[in-house]
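Coordinate inspection notes
Given next are the chains, with one letter for each unit.
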Amino acid sequence: MEQRTRPIFKYLPVAIKYILLAVALTPIIYSKSTIYPYIFSKTVFFRILVEVAFLLFVVYLTSQTNTFKNIFRYFIGRFRYLKSHSRAAYFLIIFAGLFFGSMVLSTIFAVDKYVAFWGNFERGEGFFGLIHYFIFFFLAILFFEKKNWLTFFRISLVVGFVLIFYAFLQYFNVKEFPFFPEEASRPGSFVGNPAFLSAYLFLLL
């Protein structure tokens, strides 16, 4: 049985990469039938992708290692590789880890620990939401190569043009076009907030 299933495991990293690439589509996810259509639908989409990718990662690890000691060695070996080949990524991981640690302390000593951990539907934040961002960052560092990052940025660029296109439709109130969000004098497109949209487009520039 082990020999029959082993060839399947080698495709797991590829599946994880495709799932992580799909995260770039998050800004255009929008559903009028959900509560807080601009935020809630994106939050669910992003978290499901990250959770599935993490589950496949755990399955992949168990296929490669048999003990926690070997898993620890795998991580150490990967970080040493990044340190010698990409010091920027290595230090980025360190500071992201420190930031994550500070959020752990903030959640523990928060006045309202329930809200601090779970956040709310309107914002999709909280420590639980931050865990998903951290896992995405962690998996991307482990599995993405330069070509994968370039693909991710290309997808993001296309998504940006889609957002711009629908922002113009909103501004000129072209309701007949499919998936038209809603009329707005200050368009937010599928992001739903003009300030957030401008910040996202600024990053794409």
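Refer to the structure printed above.
These notes cover the structure that comes with them. (Residues numbered from 1 in each chain as written. Predicted model: local features only at pLDDT ≥ 70, side-chain atom pairs only at ≥ 80, totals over all residues. Heavy atoms only, no water.)

What to know about the overall build of the protein
Heads up, the rule is: Numbered from the N terminus, helices here are DSSP runs of H or I no shorter than four residues, and strands are runs of E no shorter than two. Only protein chains enter the calculation, and the probe is 1.4 Å; a residue is then buried if its accessible area is under 20% of its type maximum, exposed if over 50%, and partly exposed in between. Contact definition: two residues touch when any of their heavy atoms are within 4.5 Å.
Within the protein one finds nine helices and zero strands. Along the protein, helices (α) and strands (β) appear in the sequence α-α-α-α-α-α-α-α-α when read from the amino end. Dimensions along the principal axes, computed over C-alpha positions, put the protein at roughly 60 × 45 × 35 Å. Taken across its 205 residues, the protein has 35% of its residues classed as buried. A separation threshold of at least 6 residues defines the contact pool for the protein, and within that pool the share at least 24 residues apart is 61%.

Thoughts on the packing of helix 8 (residues 146–171) against helix 9 (residues 194–204)
Helix-helix packing is characterised by the crossing angle of the two axes and by the distance between the axes. What counts, and what does not: Angles shown run from 0 to 180 degrees and are taken between the N-to-C directions of axes, each axis being a line fitted to C-alpha atoms and, for helices, limited to the stretch in contact. In what follows, roughly perpendicular refers to angles from 65 to 115 degrees, roughly parallel to angles under 35, roughly antiparallel to angles over 145, and oblique to any angle outside these ranges. The handedness criterion is simple: a crossing whose near helix is rotated anticlockwise from the far helix by less than a right angle is left-handed, and one whose near helix is rotated clockwise is right-handed. The nonpolar class holds Ala, Val, Leu, Ile, Met, Phe, Trp, Tyr, Cys and Pro. Asp, Glu, Lys and Arg form the charged class, and all remaining residues, Gly among them, are polar.
Axis separation between helix 8 and helix 9 bottoms out at 10 Å; the angle between their running directions is 140°. One element, helix 8, and the other, helix 9, form an angle in the oblique class. The two elements helix 8 and helix 9 meet at a crossing, and its hand is left-handed. Note on element contacts: helix 9 touches helix 8 through Leu197, Tyr200, Leu201 and Leu204, opposite Ser156, Leu157, Val159, Gly160, Leu163, Ile164 and Ala167. Its residues assigned to classes, the contact of helix 8 with helix 9 shows nine nonpolar, two polar and no charged.

Quick look at a nonpolar patch on the surface
Quick note on the threshold: Patches here are clusters of residues that have more than 30% relative accessible area and form no salt bridge, with a 9 Å joining cutoff for like charges and a 5 Å cutoff for nonpolar side chains (Val, Leu, Ile, Met, Phe, Trp, Tyr). Computed by Shrake-Rupley with a 1.4 Å probe, the accessible areas treat only the displayed protein chains as cover when residues are assessed. Whenever Lys or Arg places a side-chain nitrogen within 4 Å of a carboxyl oxygen from Asp or Glu, that contact is recorded as a salt bridge.
A surface patch of nonpolar side chains, amounting to about 670 Å² of accessible area, comprises Leu157, Phe161, Ile164, Phe168, Tyr171 and Phe172. Turning to its location among the elements, Tyr171 is positioned in helix 8.

Digging into the side chain of His132
What counts here: N or O atoms closer than or at 3.5 Å make up a polar contact, with two conditions inside protein: a donor-capable atom paired with an acceptor-capable one, and, for residues adjacent in sequence, both atoms drawn from side chains.
With respect to the element layout, His132 can be found in helix 7 (residues 126–143). Within polar-contact distance, the side chain of His132 engages the backbone oxygen of Phe128 at 2.8 Å. In this structure His132 touches Phe46, Arg47, Val50 and Glu51, once residues within four positions along its chain are discounted.

As for helix 8
For clarity, the cut-off: Take the number of residues in a helix, subtract one, and multiply by 1.5 Å to get its expected span.
Helix length check: helix 8, at 26 residues, gives a terminal C-alpha distance of 37 Å against a target of 38 Å (1.5 Å per residue), a fit within 8%. The secondary structure elements touched by the buried residues of helix 8 are helix 2 (12–22), helix 7 and helix 9. Backbone geometry just after helix 8 places Asn173 at a positive phi near 55°.

Observations regarding the packing of helix 5 (residues 87–108) against helix 7
Contact geometry for helix 5 and helix 7: axes closest at 11 Å, N-to-C directions at 165°. Relative to helix 7, helix 5 is oriented roughly antiparallel. In this structure, helix 5 crosses over helix 7, and the sense of that crossing is left-handed. Of the residues in helix 7, those in contact with Ala89, Leu92, Ile93, Ala96, Gly97, Phe99, Phe100, Met103, Val104 and Thr107 of helix 5 are Phe127, Leu130, Ile131, Phe134, Phe137 and Ile141. Looking at the contact of helix 5 with helix 7 residue by residue, the class counts come to 14 nonpolar, two polar and no charged.

Some points on the packing of aromatic side chains
This is how the line gets drawn: Pairing of aromatic side chains here covers Phe, Tyr and the six-membered ring of Trp, requires ring centres within 6.5 Å, and sorts the geometry by plane angle: under 30 degrees stacked, over 60 edge-to-face, intermediate tilted.
Counted according to the given criterion, the structure contains 23 aromatic pairs. Consider the rings of Phe57 and Phe138, whose centres lie 6.2 Å apart with planes at 80°: the pair is edge-to-face. Of this pair, Phe57 sits in helix 3 (residues 40–64) while Phe138 is found in helix 7, placing the two residues 81 residues apart along the sequence. When the ring of Trp118 is compared with that of Phe128, the centres are 5.0 Å apart and the planes differ by 45°; the resulting orientation is tilted.

Describing the nonpolar core
Counted only if it meets this: What we call a nonpolar core is a set of buried Ala, Val, Leu, Ile, Met, Phe, Trp, Tyr and Cys residues that are connected through their side-chain atoms within 4.5 Å.
With 24 residues, the main nonpolar core has Leu20, Phe57, Phe136, Leu139, Phe143 and Phe152 as its most contacted residues. For this core, the secondary-structure elements that each account for two or more residues are helix 2, helix 3 and helix 7. By size, the runner-up hydrophobic cluster in this structure holds 12 residues, among which are Val159, Leu163, Phe180 and Tyr200.

Things to note about the environment of Phe136
Position of Phe136 among the secondary structure elements: in helix 7. On the basis of relative accessibility, which here comes to 14%, the residue Phe136 falls in the buried class. It is 13 Å that separates the C-alpha atoms of Phe136 and Thr26, two residues lying 110 residues apart in sequence. Apart from residues lying up to four places away in sequence, Phe136 is in contact with Leu20, Val23, Phe46, Val50 and Phe152.

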